[in-house]
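# Commentary on secondary and tertiary structure
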Amino acid sequence: MPDTDLTRSPTVPQTRPAAGRRGIAEAAGWQVWAALLIVYVVWGSTYLGIRVVIETMPPLIAGGIRFAICAVLMGLILAIRKGPGVLRVSRQEAMGALFIGALLLGVGNGGVMLAERDVPSGLTALIVGVVPLVVLLMRRSRGEHIERIQTVGVLGGALGLVILVAPLGLTGDIAPLGLVLLMISVTGWAYGSIASSHVALPRDPFVSTFYQFIAGSLVGFIGGALVGELAGLDPGTWSARSLVALGYLIVFGSLVAFTAYTWLLQHTHVSRAMTYAYVNPVVAVALGWAILGETITPWMLVGAALILASVALIVRLQRPMRTIPEPG
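Residues numbered from 1 in each chain as written. Predicted model: local features only at pLDDT ≥ 70, side-chain atom pairs only at ≥ 80, totals over all residues. Heavy atoms only, no water.

## Things to note about the overall build of the protein chain
Scanning the protein chain from terminus to terminus reveals 12 helices and two strands. The N-to-C order of helical and strand elements in the protein chain reads β-β-α-α-α-α-α-α-α-α-α-α-α-α. The buried share of the protein chain, taken over its 328 residues, is 54%. Contacts spanning at least 24 positions in sequence make up 88% of the contacts within the protein chain whose residues lie at least 6 apart. Roughly 14300 Å² of accessible area belongs to the protein chain as shown, and the carbon and sulfur atoms make up 68% of that amount. (Helix = DSSP H or I, 4+ residues; strand = E, 2+ residues; numbered from the N terminus. Buried < 20%, exposed > 50% of the residue type's maximum accessible area, 1.4 Å probe, protein only. Contact = heavy atoms within 4.5 Å. Areas by Shrake-Rupley, 256 points an atom, 1.4 Å probe, with all protein chains shown as cover.)

## Concerning the nonpolar core
In this structure, V53 and F213 are the most contacted members of the largest nonpolar core, which totals 76 residues. Those residues in contact with F213 that lie beyond four places of it in its chain are F67, C70, A71, M74, L105, S254, L255 and F258. (Core = buried A, V, L, I, M, F, W, Y, C linked by side-chain atoms within 4.5 Å.)

## Some points on empty space enclosed by the protein
With a probe scaled to a water molecule rolled over the atoms, the places where space remains empty come into view. One pass over the structure, following the stated rule, counts four cavities of 30 Å³ or more. What the largest cavity holds in volume is close to 270 Å³. Surrounding the largest cavity, 20 residues form its lining, W43, T46, Y47, N109 and W189 being those nearest its centre. Only α1 (29-53), α2 (59-82), α3 (91-115), α7 (176-195), α9 (240-267) and α11 (276-291) provide two or more residues apiece to the lining of the largest cavity. In the lining of the largest cavity, the residues fall into 12 nonpolar, seven polar and one charged. In this structure, the second largest cavity occupies an estimated 50 Å³ of space. Around the second largest cavity, the lining residues are P59, L60, G63, G64, F67, L105, G106, N109, G110, M113, G216 and G220. Its residues placed into classes, the lining of the second largest cavity shows five nonpolar, seven polar and no charged. (1 Å grid on protein atoms, 1.4 Å probe; cavity = no way out; pocket = protein on both sides within 12 Å on 5 of 7 lines; lining within 4 Å. Points joined across faces, edges and corners; volume = space filled by probe spheres on them. Nonpolar A, V, L, I, M, F, W, Y, C, P; charged D, E, K, R; others polar.)

## Considering the packing of helix α8 (residues 205-226) against α9
Running from N to C, α8 and α9 point in directions that differ by 120 degrees, and their axes come no closer than 9 Å. In terms of axis orientation, α8 runs oblique to α9. Every pair of crossing elements has a handedness; the one defined by α8 and α9 is right-handed. Facing α8, whose interface residues are P205, F206, S208, T209, Q212 and F213, α9 presents S254, L255, F258, T259, T262, W263, Q266 and H267. When grouped by side-chain class, the residues that make up the contact of α8 with α9 number six nonpolar, eight polar and no charged. (Axes fitted to C-alpha atoms, helices over the stretch in contact; angles between N-to-C directions. Parallel < 35°, antiparallel > 145°, perpendicular 65-115°, else oblique. Left-handed = near helix turned anticlockwise from the far one by under 90°.)

## What to know about the environment of G224
Assignment of secondary structure puts G224 in helix α8. Exposure remark for G224: the relative accessible area of 0% places this residue in the buried category. Spatially, the C-alpha atoms of G224 and G63 are 9.1 Å apart, while their sequence positions differ by 161 residues. Excluding anything up to four places from it in sequence, G224 contacts L60, I61, V219, E229 and L230.

## Quick notes on the packing of aromatic side chains
In the structure shown here, the tally under the stated rule is nine aromatic pairs. On the numbers, 5.1 Å between centres and 80 degrees between planes, the contact of F210 with Y211 is edge-to-face. (Phe/Tyr/Trp six-rings, centres within 6.5 Å; stacked < 30°, edge-to-face > 60°.)

## A word on α9
Helix length check: α9 (28 residues) gives 38 Å between terminal C-alpha atoms against 40 Å at 1.5 Å per residue, within 8%. At G253, α9 shows its maximal kink, close to 30 degrees. (Expected span 1.5 Å × (residues − 1). Bend = angle between axes of the 7 residues up to and from the residue.)

## Observations regarding the pattern of salt bridges
All told, the structure shown has two salt bridges when counted by the stated rule. When the shortest N-O distance is used, the salt bridge between R241 and E55 registers 2.9 Å. With R241 in helix α9 and E55 in the loop between α1 and α2, this residue pair connects regions lying 186 residues apart in the sequence. Judged by its relative accessible area of 45%, R241 falls in the partly exposed class. Given the relative accessible area of 42%, E55 is considered partly exposed. Note that K82 is salt-bridged to D204, the shortest N-O span being 2.6 Å. Here K82, found in helix α2, pairs with D204, found in the loop between α7 and α8; they are 122 residues apart in sequence, far enough to count as distant. For D204, a relative accessible area of 17% gives the class buried. (Salt bridge = Lys/Arg side-chain N within 4 Å of Asp/Glu carboxyl O.)

So yeah, pure geometry; function would need other evidence.
Spelled out as structure tokens, the structure:
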């Protein structure tokens, strides 16, 4: 993981270009760690929140509602604080933010929402913990060199994933579709995280987040319509418990934590942003066990230990990303 060596004035943190990234400035260390702490703790709890939301709400439509409300609130906050003109960006920047939002929120979050119908929240978090491994493999596919020890990390993470899910798959405790959806989710989130450093985005990360929320809501509503969630839709059946959980996801999971993650992707290396994979599974497993009574098996502990150790190894050894061609 690259070190940050910054020269700061007494009042204004100074920044320097982050190696290997176009037009991105590495922020002061304390700002990066503050944003990371938010992502670590809040996102670890959102797996539980999602599980409660989909108890009575259709997954993709719930996601569409979540991000539509987030977009409205973020737009109002920005317009009040900085004036409506702040939301005007170039076509290229708007398209870049919508593209990243579709990947991170539409594919990444949407896949998790669908998968948690069949996969416990704690186990979902552990499987999603392989995102940094997928990021590394994607970087290798673009021609970057992978050290031998990093290859060991990838193989260790893959083995951990097999240990984690194979016994459950054999017993029928997890539907194969849930695992497939999680792999799609992981792929979308990994590619979106990489691409965010190499597409044109609004310079203000909050404005970028606003457009990403719009993309997430569109994917949620369109996806929900395509899979038949609109048929027989009855908001009267949505429980107060699910609505409270949705409110938590809107305020903390999206407006607070996703904004922090978007800021991280624009102000530090993706390898550092990916360290949330250390903490999120631990928080999610603990909450799933304590609140929902989800089971923690010895196999889960062994598989989780292998995955987290592999992620730790890879993230610590990752070099700054080279320039990656913009997606077509």
